[in-house]
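# Descriptive analysis of the structure
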Amino acid sequence: MALLKVKFDQKKRVKLAQGLWLMNWLSVLASIIIFSLGLFLKIELRKRSDVMNNSESHFVPNSLIGMGVLSCVFNSLAGKICYDALDPTKYARWKPWLKPYLAVCVLFNIALLLVTLCCFLMRGSLESTLAHGLKNGMKYYRDTDTPGRCFMKKTIDMLQIEFKCCGNNGFRDWFEIQWISNRYLDFSSKEVKDRIKSNVDGRYLVDGVPFSCCNPSSPRPCIQYQLTNNSAHYSYDHQTEELNLWVSGCRAALLSYYSSLMNSTGAVALLVWLFEVTITIGLRYLHTALEGVSNPEDPECESEGWLLEKSVSETWKAFLESLKKLGKSNQVEAEGADAGQAPEAG
């Protein structure tokens, strides 16, 4: 028994075809939006690729770009099919291809749903990527004379100013690395020698931060050196006084920015997916309704359209049986090939 059977007369078939034609061209516009969102997301990730540990985060924007292009192609083709569906001579050339086309549309809808889910589930991998990337970027902050790393100082400074953040998890992250280049240190100074000798790695560590951590909205002039030394500044207590630095770390700031961007993109992609599923269902009804016309010479006769020719369980069993037959045929071909090689070997 057919699933979700609906009766159609000529007027309903015409309205269905015209409605699907309009929906397909609206879906083309939605596909352009998906493509644009994927491209924008890729550009935003490229901007800060220097502070990201790997390129796994580009999977989602690349997938969105690909889905947008494929959706434009599929919906343009579907619009043409719907336009030709009411002309028997034009519909005849599409008739053998409609079943395979609908199967491809189903696979496309599954792929689009998976990409949409990835938009919402990408936060975990993005967080680890940013954590390692920012940590490495901060280590190379001082290497302004090293080829390939001389731009890192500018990248980190612009990042902290733009996102109003400091360090990886907070401003104290700068206390654990040497962010001042050796070319700006006076090695004849006793203070510099003592600081270098005070740790095993021989690094010049200070309780200070780069200028880009300073909050310009603070009424007090920025204190970026000797942050933990209360006696170095007048009327200052680093434990009780609110520091005039950016409080949040850059990992949290970037993660919040990209998460909101991903969630917005995922919401749009989900709406487009629902639109695509509706179009696929409509195409299935149009296909079965046109196939059910008993007398092609009488276009005004009634016909029946359905979503599945059989029930869900019967359709699933038929699908599994077809897979088994396909596996058996491949096995027989393989055995036949082995038997043909055996006499040659003898």
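In this text the structure is predicted, and so the values were computed from the model without any measurement.

### Thoughts on the overall build of the protein
Looking only at helices and strands, the protein has 9 helices and 2 strands in total. When each of the 346 residues of the protein is scored for burial, the buried share is 39%. Contacts in the protein between residues far apart in sequence, at least 24 positions, make up 73% of those at least 6 positions apart. On the protein, roughly 20,200 Å² of surface is accessible, and the fraction owed to carbon and sulfur atoms is 61%.

### What about the state of the cysteines?
Scanning all chains against the criterion turns up 3 disulfides. Disulfide pairing places Cys166 opposite Cys213 at an S-S distance of 2.1 Å. Taking the torsion about the S-S bond as the criterion, the Cys166 to Cys213 disulfide, at about 85°, is right-handed. One end of the pair, Cys166, is in the loop between helix 6 (152-163) and helix 7 (190-197); the other, Cys213, is in the loop between helix 7 and helix 8 (250-291), with 47 residues separating them in the sequence. Like Cys166, the residue Cys213 is buried in the burial classification. Residue pairing for Cys214: its cysteine sulfur links by disulfide to Cys222, the two sulfurs lying 1.8 Å apart. Negative torsions about the S-S bond denote left-handed disulfides, and the value of about -70° found for Cys214 with Cys222 makes this one left-handed. The buried category is assigned to Cys214, whose relative accessible area is 16%. Residue classification places Cys222 among the partly exposed residues on the basis of a relative accessible area of 35%. Shown here for the protein is a disulfide pattern of 1-6, 2-3, 4-5, where each number marks a bonded cysteine counted in sequence order.

### Side note on the UniProt feature "transmembrane region" (unreviewed entry) in the protein
The sites that UniProt annotates as "transmembrane region" (unreviewed entry) are residues 20-41, 62-81 and 101-122. Between the first and last C-alpha atoms of residues 20-41 the distance is 31 Å; the span itself is 100% helix and 0% strand. Its end C-alpha atoms 31 Å apart, residues 101-122 is made of 95% helix and 0% strand.

### Points about helix 4 (residues 98-121)
Helix length check: helix 4, at 24 residues, gives a terminal C-alpha distance of 35 Å against a target of 34 Å (1.5 Å per residue), a fit within 8%. Among the residues making up helix 4, those that are buried are Leu98, Tyr101, Leu102, Cys105, Phe108, Asn109, Leu112, Val115, Thr116 and Cys119. Among the structural elements, helix 2 (59-84), helix 3 (88-94) and helix 8 are those in contact with the buried residues of helix 4.

### A short note on empty space enclosed by the protein
Evaluated as defined, the whole model comprises 2 cavities of 30 Å³ or more. Here the largest cavity defines a volume of roughly 70 Å³. If you go around the largest cavity, the residues you meet are Asn24, Phe74, Asn75, Ala78, Tyr101, Cys105, Phe108, Asn109, Glu276, Ile279, Thr280 and Leu283. Looking at the lining of the largest cavity, the elements that each hand over two or more residues are helix 2, helix 4 and helix 8. Class assignment for the residues of the lining of the largest cavity results in 7 nonpolar, 4 polar and 1 charged. In this structure, the second largest cavity spans a volume of roughly 40 Å³. If you go around the second largest cavity, the residues you meet are Ile81, Ala85, Tyr91, Leu98, Leu283, Leu286, His287 and Leu290. If you tally residues by element for the lining of the second largest cavity, the top one is helix 8, at 4 residues. Looking at side-chain class alone, the lining of the second largest cavity contains 7 nonpolar, 1 polar and no charged residues.

### Quick notes on the packing of aromatic side chains
The geometry of an aromatic ring pair is captured by the separation of the ring centres together with the interplanar angle, meaning the angle of the planes. Within the structure shown, the criterion is met by 9 aromatic pairs. Ring geometry for Tyr141 versus Trp179: centroids 6.3 Å apart, planes at 70°, classification edge-to-face. Of the two residues, Tyr141 sits in the loop between helix 5 (123-139) and helix 6 while Trp179 sits in the loop between helix 6 and helix 7, which places them 38 residues apart along the sequence. Each member of the pair, Tyr141 as well as Trp179, is classed as buried. Relative to Tyr257, the ring of Phe163 has its centre 5.4 Å away and its plane inclined at 70°; by these criteria the two rings are edge-to-face. On the criterion of sequence distance, the pair formed by Phe163 in helix 6 and Tyr257 in helix 8 is long-range, its members being 94 residues apart. Given a relative accessible area of 26%, Tyr257 falls into the partly exposed group. One aromatic cluster is present, built from ring pairs that chain together Tyr141, Trp174, Trp179 and Tyr225.

Rules behind the numbers
Residues numbered from 1 in each chain as written. Predicted model: local features only at pLDDT ≥ 70, side-chain atom pairs only at ≥ 80, totals over all residues. Heavy atoms only, no water. Helix = DSSP H or I, 4+ residues; strand = E, 2+ residues; numbered from the N terminus. Buried < 20%, exposed > 50% of the residue type's maximum accessible area, 1.4 Å probe, protein only. Contact = heavy atoms within 4.5 Å. Areas by Shrake-Rupley, 256 points an atom, 1.4 Å probe, with all protein chains shown as cover. Disulfide = S-S within 2.5 Å. UniProt positions renumbered as here; feature names shortened; annotations may be inferred. Expected span 1.5 Å × (residues − 1). 1 Å grid on protein atoms, 1.4 Å probe; cavity = no way out; pocket = protein on both sides within 12 Å on 5 of 7 lines; lining within 4 Å. Points joined across faces, edges and corners; volume = space filled by probe spheres on them. Nonpolar A, V, L, I, M, F, W, Y, C, P; charged D, E, K, R; others polar. Phe/Tyr/Trp six-rings, centres within 6.5 Å; stacked < 30°, edge-to-face > 60°.

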